[in-house]
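# Coordinate inspection notes
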Amino acid sequence: MITILLIAAFVVILNETALNVALTSVMSDLHVDERSVQWLTTSFMLTMAVVIPITGWLLERIPTRAAFILAMSLFTTGTLVCGLAGTFPLVLAGRIVQASGTAIMMPLLMTTIMQLVPPAHRGAVMGNISLVISVAPALGPTMAGLVLQFTSWRGVFGVMVPIGLAMLIIGALRITNVNETVRVPLDVLSIPLTVLGFGGLVYGLSLIGDSSVPAAEVAVAFAVGVLALIAFLWRQVILARDDRALLDLRAFQHGSFSISVIVMSLAMMALFGTVIMLPLLLQQALHLPALSVGLMLLPGGVLMGLLGPIVGRLFDRVGARPLMLPASIVVAGVFWLLSTIQPDTPWWFVLACHMAMSASFAFMFTPLFTIALGSLPRQLYTHGSAIVGTVQQLAGAFGTAVFVTVFAAQSDAHKATGAGVEESLLYGSHLAFLGAGAVWLLAIVATGFLRTPEPSDEMPSVH
């Protein structure tokens, strides 16, 4: 059952990044500009940010098998719509439906593992989740690039439809119900607050650094997002008193969960920020072709995934700190090394840095997932999984926005002094990586407080 869920999760996450290399083809075929076509990526991220918080309620409300069928049905339907759509709005609608299925699948996978796997073996199984989360996004663009050699952008969706249907049928036949459903009423007010809060923040973050977007639009998006998020959190605290919360924040009353989420947020910011920064730097400052850049980033993603199961078994034996503390120090060192890139820096230096960072994150993500959910009582598994998924989306968007903004702003400022384009870009990247390294020191300190917790069966009280 866990194998089926892992394969299904791999398929839906692979699709998340696969379209990135086909956007130019979509623009040409459907006659849309860069700003419009980027919505195929932004809408996916927005939908994930909005739907994942709702999964805490959903996975309590419906059986495991029904949740799987719903997730894969949404994903497959959305993929089919994208592949057959003749207009851009239909492709956009299909991406939103796709993202809804993807948003359900990851919390379902993590929750099911927590329900089925005993604590002594959770690290090894959580390592397989790290493989899915790391390798699938890395392979997505490569797979799409191969498909585009033989067909159009529609083929990227076309190859996914039969795979999605196969997983839907296999899962419908083999998945069994492992959760105890609770008839929790849906709070109608929480839904729009979720959309405005998480959606507003992710949308605002996606606009940072885009010179074509008015500053007022960014400010309004953040204002709406922050105010709605505050209202949403306040509402959940009230609803938790009667066990009716859409997203139960009592998970944060467990110290190990809170620390893990903080470190995970910093790690996701660093990972996503680096992944967006390196291609910009390598193509614009070092003038490497796009294919070379893509191939340079692929080994790191694959390495991170392959190390996941190994790290999981090590975690079951030695715990978190012996793995995470050295890895977090290596990440800081890599940030410093990346800040030294010059026009004559060899390509293998960047490749080695990226692989070292990827390996270090592999030694961090598996323990973080395991500690975060393992420190919660069984009743909070679904809400803990939803919180982790939501944090990943927000932190990834925030890391991307901050890296690009610092990079662009500092590059422009240096260019204004009369410096050349390449020199200015490298100057901006140096400050971006050094700033990220300074913030990362918080993660190093926080890992020192992490410990492998004994799961609690008691629910904390609400104050």
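For the structure, check the block above.
Read on for a plain summary of the structure. Since the structure is predicted, the reported quantities are computational estimates derived from the model, not experimental observations.

## Points about the overall build of the chain
From N to C terminus, the chain includes 17 helices and zero strands. On C-alpha atoms alone, the chain measures out to a radius of gyration of 21 Å, which is about the 23 Å that the 2.2 N^0.38 rule sets for 463 residues. By its C-alpha atoms, the chain is 65 × 55 × 45 Å across when sized along the principal axes. Taken over 463 residues, the chain has a buried fraction of 56%. Counting contacts in the chain only where the partners sit at least 6 residues apart, residues at least 24 apart contribute 83% of the total. Summed over its atoms, the accessible surface of the chain is roughly 18,800 Å², and 69% of this surface lies on carbon and sulfur atoms. Each charge sign in the chain was given a centre, from 18 positive and 20 negative side chains, and these centres are 11 Å apart.

## Side note on empty space enclosed by the protein
Taken as a whole, this structure holds one cavity of 30 Å³ or more when the rule is applied. The volume enclosed by the largest cavity comes to roughly 60 Å³. The wall of the largest cavity is formed by L59, I62, P63, T64, A67, L108, T111, T112, Q115, N179 and T382. Only α5 (64-84) and α6 (88-116) provide two or more residues apiece to the lining of the largest cavity. In terms of residue count, the dominant contributor to the lining of the largest cavity is α6 (four residues). Taken together, the residues of the lining of the largest cavity break down into five nonpolar, six polar and no charged.

## Observations regarding the pattern of salt bridges
Applying the stated rule across the entire model yields three salt bridges. Note that D29 is salt-bridged to R154, the shortest N-O span being 3.8 Å. In this pair, D29 sits in helix α2 (residues 23-30) while R154 sits in helix α8 (residues 154-158), placing the two residues 125 residues apart along the sequence. Here D29 falls in the partly exposed class, since its relative accessible area comes to 37%. What makes R154 partly exposed here is its relative accessible area of 24%. The salt bridge partner of R250 is D248, with a shortest N-O separation of 2.8 Å. Pair check on accessibility: R250 and D248 agree, each one buried.

## Overview of the packing of helix α4 (residues 39-61) against helix α16 (residues 381-415)
Closest axis-to-axis distance for the α4/α16 pair is 8 Å, and the angle between their directions is 170°. With respect to their mutual orientation, α4 and α16 come out roughly antiparallel. For the pair α4 and α16, the contacting residues are M45, M48, A49, I52, P53, T55, G56, W57, L59 and E60 in the first and T382, H383, A386, G389, T390, Q393 and A397 in the second. For the contact of α4 with α16, the residue count by class is nine nonpolar, seven polar and one charged.

## Describing the layout of surface pockets
Of the volumes computed, that of the second largest pocket is approximately 430 Å³. In terms of lining, the second largest pocket is formed by 21 residues, of which the most central are E60, E180, V182, R378 and Q379. The set of elements that each furnish at least two residues to the lining of the second largest pocket consists of α4 and α16. Counting residues per element, the lining of the second largest pocket draws most heavily on α16, at three residues. Residue composition of the lining of the second largest pocket, grouped by class: eight nonpolar, five polar and eight charged.

Rules and cut-offs
- Residues numbered from 1 in each chain as written.
- Predicted model: local features only at pLDDT ≥ 70, side-chain atom pairs only at ≥ 80, totals over all residues.
- Heavy atoms only, no water.
- Helix = DSSP H or I, 4+ residues; strand = E, 2+ residues; numbered from the N terminus.
- Rg over C-alpha atoms; globule rule 2.2 N^0.38 Å.
- Buried < 20%, exposed > 50% of the residue type's maximum accessible area, 1.4 Å probe, protein only.
- Contact = heavy atoms within 4.5 Å.
- Areas by Shrake-Rupley, 256 points an atom, 1.4 Å probe, with all protein chains shown as cover.
- Lys, Arg positive; Asp, Glu negative; His and termini not counted.
- Charge placed at Lys NZ, Arg CZ, Asp CG, Glu CD.
- 1 Å grid on protein atoms, 1.4 Å probe; cavity = no way out; pocket = protein on both sides within 12 Å on 5 of 7 lines; lining within 4 Å.
- Points joined across faces, edges and corners; volume = space filled by probe spheres on them.
- Nonpolar A, V, L, I, M, F, W, Y, C, P; charged D, E, K, R; others polar.
- Salt bridge = Lys/Arg side-chain N within 4 Å of Asp/Glu carboxyl O.
- Axes fitted to C-alpha atoms, helices over the stretch in contact; angles between N-to-C directions.
- Parallel < 35°, antiparallel > 145°, perpendicular 65-115°, else oblique.

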